[in-house]
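Here is how the chains run, residue by residue.
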Amino acid sequence: LRIVPVLLSLAALLSLLLAGPIIGESIARVTRGTRHAALATGEADVSVLARLAEADDVIRTFDIEGSASRWLTGLGHGATYEPRVSFLARNVTEHGRVHNVHIGPLMVWFRYGAMGLAVWLLLVVLAVRSSLSVVRDGDTLRATFGIIVLAGLIEGLVFNVFVDPVFAYSVAGLLFWQKREAVVG
């Protein structure tokens, strides 16, 4: 019975691969005329380039304002950086600083330091382990939470997912099933 979910997953993956060209055409049709069209065609996206400029500004600010102890704890939850390269007027506060950091691991490091990155990495490990639990234990619900959290963490490489309620509930579900496994096991 444990092989059934694996076989169904493989069948779904094969179907997705076979439908690839149709999916690609659909994406191109839906994104035509939007800023996402550049991503669908493989062109450079201004948004992605802005994220890289933002990363440069965050690292520069951390180097200037972060003492040695801040490498461990970060600059705090409300930390802002000084925009030099990534000056997007809509993100700049009246004090000439920016709070938004879109690249998840960079945001965690900037605000919470090495300790925050350790927790982020632990979440990655828990999500991967939970995702694989369907193969090992046949636990589809736990695997579902793991896959959703893992997808959120991947999306978090270019967008801030920490403010998304779906991500928060998924992490809560993942931790619940992790705790449940520890108590039962």
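### Quick look at the overall build of the chain
Then comes step 1: On a plain count of helices and strands, the chain comes out with 8 helices and 0 strands.
Then comes step 2: The N-to-C order of helical and strand elements in the chain reads α-α-α-α-α-α-α-α.
Then comes step 3: Counting across all 185 residues of the chain, residues that qualify as buried make up 33%.
Then comes step 4: When contacts within the chain are restricted to residue pairs at least 6 apart in sequence, long-range pairs at least 24 apart make up 58% of them.
Then comes step 5: Counting only carbon and sulfur atoms, one obtains 70% of the accessible surface of the chain, whose full area is about 11600 Å².

### Quick look at the layout of surface pockets
Then comes step 1: In this structure, the largest pocket spans a volume of roughly 380 Å³.
Then comes step 2: Taken together, the elements giving at least two residues each to the lining of the largest pocket come down to helix H6 (104-136) and helix H8 (165-184).
Then comes step 3: The greatest single-element share of the lining of the largest pocket, amounting to 10 residues, is contributed by H6.

### Structural notes on a nonpolar patch on the surface
Then comes step 1: Side chains of Ile3, Val4, Leu7, Leu8, Leu10, Leu13, Leu16, Leu17 and Ile23 sit close together on the surface and give an oily, nonpolar patch of about 870 Å² of accessible area.
Then comes step 2: Counting residues per element, the nonpolar patch draws most heavily on helix H1 (residues 3-18), which supplies 8 residues.
Then comes step 3: With respect to the secondary-structure elements, Ile3 resides in helix H1.
Then comes step 4: Judged by relative accessible area, Ile3 falls into the exposed class, the value being 51%.

### Thoughts on the confidence of the model for the chain
Then comes step 1: For the chain, the average pLDDT comes to 81, and 84% of its residues sit at 70 or higher.
Then comes step 2: Ranking the elements of the chain by mean pLDDT puts helix H3 (residues 37-41) last with 56 and H6 first with 89.

### Quick word on the pattern of salt bridges
Pairing of side chains with opposite charge becomes possible as their charged atoms draw close.
Then comes step 1: Counted according to the given criterion, the structure contains 2 salt bridges.
Then comes step 2: A salt bridge links Glu65 to Arg97; the shortest N-O distance between them is 3.0 Å. With a gap of 32 residues between them, Glu65 in helix H4 (residues 46-65) and Arg97 in the loop between helix H5 (70-73) and H6 connect regions that are remote in the sequence.
Then comes step 3: Between Arg84 and Glu82 there is a salt bridge, with its nearest N and O atoms 3.0 Å apart.

### Brief notes about empty space enclosed by the protein
Then comes step 1: Scanning the entire structure with this criterion turns up 1 cavity of 30 Å³ or more.
Then comes step 2: Here the largest cavity is characterised by a volume of approximately 50 Å³.
Then comes step 3: Surrounding the largest cavity, Ala50, Arg51, Glu54, Tyr81, Ser86, Leu88, Asn91 and His102 form its lining.
Then comes step 4: Looking at the lining of the largest cavity residue by residue, the classes come out as 3 nonpolar, 3 polar and 2 charged.

### Observations concerning the packing of aromatic side chains
Then comes step 1: Evaluated as defined, the whole model comprises 7 aromatic pairs.
Then comes step 2: Pairing Phe162 with Phe167 gives two aromatic rings, centres 5.7 Å apart and planes at 85°, and the pair type is edge-to-face.
Then comes step 3: On the accessibility criterion, Phe167 (7% relative accessible area) is buried.
Then comes step 4: One aromatic cluster is present, built from ring pairs that chain together Phe62, Trp71, Tyr81, Trp109 and Phe110.

### Points about the side chain of Asp57
Then comes step 1: Turning to its location among the elements, Asp57 is positioned in helix H4.
Then comes step 2: Of the buried charged residues, Asp57 lacks a salt bridge, with Arg60 as the closest side chain of opposite charge at 6.2 Å.
Then comes step 3: Of the polar contacts made by the side chain of Asp57, one reaches the backbone nitrogen of Val85; its length is 3.0 Å.
Then comes step 4: Discounting residues that sit within four places of it in the chain, Asp57 has contacts with Tyr81, Glu82, Pro83, Arg84, Val85 and Ser86.

About the criteria used
- Residues numbered from 1 in each chain as written.
- Predicted model: local features only at pLDDT ≥ 70, side-chain atom pairs only at ≥ 80, totals over all residues.
- Heavy atoms only, no water.
- Helix = DSSP H or I, 4+ residues; strand = E, 2+ residues; numbered from the N terminus.
- Buried < 20%, exposed > 50% of the residue type's maximum accessible area, 1.4 Å probe, protein only.
- Contact = heavy atoms within 4.5 Å.
- Areas by Shrake-Rupley, 256 points an atom, 1.4 Å probe, with all protein chains shown as cover.
- 1 Å grid on protein atoms, 1.4 Å probe; cavity = no way out; pocket = protein on both sides within 12 Å on 5 of 7 lines; lining within 4 Å.
- Points joined across faces, edges and corners; volume = space filled by probe spheres on them.
- Patch = residues over 30% accessible without salt bridge, like charges linked within 9 Å, V, L, I, M, F, W, Y side chains within 5 Å.
- Salt bridge = Lys/Arg side-chain N within 4 Å of Asp/Glu carboxyl O.
- pLDDT = per-residue confidence, 0-100.
- Nonpolar A, V, L, I, M, F, W, Y, C, P; charged D, E, K, R; others polar.
- Phe/Tyr/Trp six-rings, centres within 6.5 Å; stacked < 30°, edge-to-face > 60°.
- Lys, Arg positive; Asp, Glu negative; His and termini not counted.
- Polar contact = N/O pair within 3.5 Å; in protein donor to acceptor, adjacent residues only side chain to side chain.

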